Every structure is written in structure tokens, then in C-alpha cells.
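The chain contents come next:
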Amino acid sequence: MKRFDGQVALVTGGARRIGAVVARTLATAGYRIAIHANHSIAEAEVLAAELTAAGSPSLALVADVRDETAVAHAVDAVHRTYDRIDALVNCAAIWRAQRLEAATADDLREHFAVNTLGTFLFCQHVGRIMVDQPSGGAIVNIGDWAIARPYLDHAAYFASKGSIPTLTRTFAVELASRNPNIRVNAILPGPVLLPADLSPADRAEAIAGTLLKREGNPQNIADTVLFLVANDFITGVNLAVDGGRTIAP
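One structure accompanies this document, and this report is about it.

**Observations regarding the overall build of the protein chain**
1) Next: Looking only at helices and strands, the protein chain features 8 helices and 7 strands.
2) Next: Taken over C-alpha atoms, the radius of gyration comes to 17 Å for the protein chain, in line with the 18 Å a tight globule of 249 residues would show.
3) Next: The dimensions of the protein chain, computed from C-alpha atoms along their principal axes, are 50 × 40 × 35 Å.
4) Next: Per-residue burial for the protein chain yields a buried fraction of 49% across its 249 residues.
5) Next: Within the protein chain, contacts between residues separated by at least 24 positions form 74% of all contacts whose residues are at least 6 apart in sequence.
6) Next: With the model as given, the accessible surface of the protein chain reaches about 11600 Å², and the carbon-plus-sulfur share is 56%.
7) Next: Across the protein chain, the mean location of the 22 positive side-chain charges is 4 Å away from that of the 25 negative side-chain charges.

Here it is in C-alpha cells:
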């Protein structure tokens, strides 16, 4: 496995779920970790202490991803602490089940503010730092396979996540034009972390919808993040990690 000793990775939404697995995986590969959280800052601090004790210097920081000033301050805090940011992984997101008839303009605005605007702002502010680094850097955004085949009751969520592939390609073009050592890619996860309260029937249906006939796990996503930050000839790619769910008949 390629080592990234001394390099720095910022993981948004890194305190829980997929983000925490990504943070641990990057730390194991040698990165120093900045764990971003909003409401889960206490969990982020526990994880940062765990990683630091294991030999990977880490810090936790809080920011509302909807607030440009807060994002700028968080990115600046990471840069001041470590003097570099080599990787950014945007895991922060919200999703709510809601019938279309009940969705309001505010629901849509909130999903876009967190899932789209938040990703954009972190790419923009970290990208500015990477532009000035001779080594550039790597950005990985987290989207969703189901933007290709949306399911019911998540219209606001899918509208916001549908922006991620275009946002990813746009930043790949923009940042590489300023520093060709910057790469931007996205992962589109499939059923890797099904809700705990999902009914057995719905869980079985989700698994049956994959070509591989099994559920994935967050480590599948973290391993793909590691692959994308390590491979220096991939950019502008939106990679489905979904057990074949996107193309399953």
C-alpha cells in the first residue's frame, strides 16, 4: 500500500458513518487527519483523540457547511495547523425521507445548502490552498448511485446529490487549469450502509437489486477513496461503488 506519511487529509462529516471509516483508513495510510463535524463535534473529538493516540496526529473542527465564512475559517485552521492540505474528502450530507407532496421550498434549499453548496465551498477553499502547493492535491466527493435511478420519497435529496457529478467535473477542470497536480473525483456509493430501521423486506430488495447479491460496507468506500488519492492519473471521474446496482436489470 502506498504511504502518505506527513501528508494531511481533511474529511468533512468525518465523525460518523462513512466519514469516520474514511478518516481511520487515511490515518492508517499515514495521513494526519482533520475531522470536520457540525452537530457531531463531540464524536469528532473522540475520534481525533483515538487517531492521535494511535500515532496519526489529528484534530477535530466544527463548521456549518452552509456558512461560507465558517467553511473558510475551518479550512484556514487546518492549513495553519499543518501548513498543507493534500487531500479533501467531502462526506458531509443530509437526507430525509419525505413524500413529494410534503416537500417544501425550504426542504429543497436545506438539502442544496448542505449537500451541494457545502461540497462546493470546501472544494473551493481547499482548492485555493492546493493550487499554491507544488504537489497539488486530491479531492474526493461523495455522491449517490441512485441519482441515475431515483427511488421514492427523496426528491429534495436526489436533486441536491445530482449536482455532485457536474460539480466534480467542473472542479477537476478548473483546478487542473491552475495546477495540473490537482485531481478531483467522486464516488457514488450503492447499498453500503442501509438504515438500521429498514424493514427486512426492503433490505432484501436493496440487496437483490445488486448484481453481486450482497450488501456492501463503508470500508468499500474508504478503500476507493484511498485508491483515488493514490492514483495520480485519474481525474474528473464519478465512480459507482454499488455492487452493480446502477446497471442491474
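Now, onward.
**Section: the nonpolar core**
1) Next: Ranked by internal contacts, the top residues of the largest apolar core, which has 36 residues, are Val22, Leu26, Ile33 and Val229.
2) Next: Among the elements of the structure, strand S1 (8-12), helix H1 (17-28), strand S2 (32-37), helix H2 (41-53), strand S4 (87-90), strand S5 (137-142) and helix H8 (218-230) are those that each provide at least two residues to this core.
3) Next: When residues of this core are assigned to their parent elements, the largest contribution, 7 residues, is made by H1.
4) Next: With residues near it in sequence (within four places) discarded, Val22 still touches Val11, Val89, Cys91, Ala222 and Val225.
5) Next: Counting residues in hydrophobic clusters, the runner-up holds 30 residues, among them Val8, Val78, Leu88 and Ile129.

**As for the sheet that holds strand S6 (residues 182-189)**
1) Next: One open sheet accounts for 7 strands, arranged S3-S2-S1-S4-S5-S6-S7; its pairing is parallel. Looking along the sheet, the strands with just one partner apiece sit at the ends: strand S3 (58-62) and strand S7 (238-241). Recorded for the sheet is a direction-independent mean angle of 20 degrees between the axes of neighbouring strands.
2) Next: When S5 meets S6, the two strands line up parallel, connected through 6 bridges. If you follow Asn141 over to S6, its bridge partner there is Ala186.

**So, the pattern of salt bridges**
For side chains of opposite charge, pairing can occur when their charged atoms come near one another.
1) Next: On inspection of all chains with the given rule, the structure shows 12 salt bridges.
2) Next: Residues Arg24 and Glu50 are paired through a salt bridge, measuring 2.9 Å at the closest nitrogen-oxygen approach. With a gap of 26 residues between them, Arg24 in helix H1 and Glu50 in helix H2 connect regions that are remote in the sequence.
3) Next: Using a relative accessible area of 36% as the deciding quantity, one classes Glu50 as partly exposed.
4) Next: A salt bridge links Asp86 to Arg84; the shortest N-O distance between them is 2.7 Å.

**Description of H2**
1) Next: For H2, which comprises 13 residues, the first-to-last C-alpha distance of 18 Å matches the rise-based estimate of 18 Å (1.5 Å per residue) to within 8%.
2) Next: The complete set of buried residues in H2 reads Ala44, Leu47, Ala48 and Leu51. Angular distribution of buried residues about the axis of H2 spans 105 degrees; they occupy a single face of the element. Turned more than 90 degrees away from the buried face of H2 sit Val46 and Ala53, all of them exposed.
3) Next: In this fold, the buried residues of H2 make contact with H1, S2 and S3.
4) Next: Once H2 finishes, Gly55 follows within two positions and takes phi at roughly 105 degrees, a positive value.

Conventions we followed
- Residues numbered from 1 in each chain as written.
- Predicted model: local features only at pLDDT ≥ 70, side-chain atom pairs only at ≥ 80, totals over all residues.
- Heavy atoms only, no water.
- Helix = DSSP H or I, 4+ residues; strand = E, 2+ residues; numbered from the N terminus.
- Rg over C-alpha atoms; globule rule 2.2 N^0.38 Å.
- Buried < 20%, exposed > 50% of the residue type's maximum accessible area, 1.4 Å probe, protein only.
- Contact = heavy atoms within 4.5 Å.
- Areas by Shrake-Rupley, 256 points an atom, 1.4 Å probe, with all protein chains shown as cover.
- Lys, Arg positive; Asp, Glu negative; His and termini not counted.
- Charge placed at Lys NZ, Arg CZ, Asp CG, Glu CD.
- Core = buried A, V, L, I, M, F, W, Y, C linked by side-chain atoms within 4.5 Å.
- Pairing = 2+ DSSP bridges.
- Axes fitted to C-alpha atoms, helices over the stretch in contact; angles between N-to-C directions.
- Salt bridge = Lys/Arg side-chain N within 4 Å of Asp/Glu carboxyl O.
- Expected span 1.5 Å × (residues − 1).
- Arc of directions from axis to C-beta.

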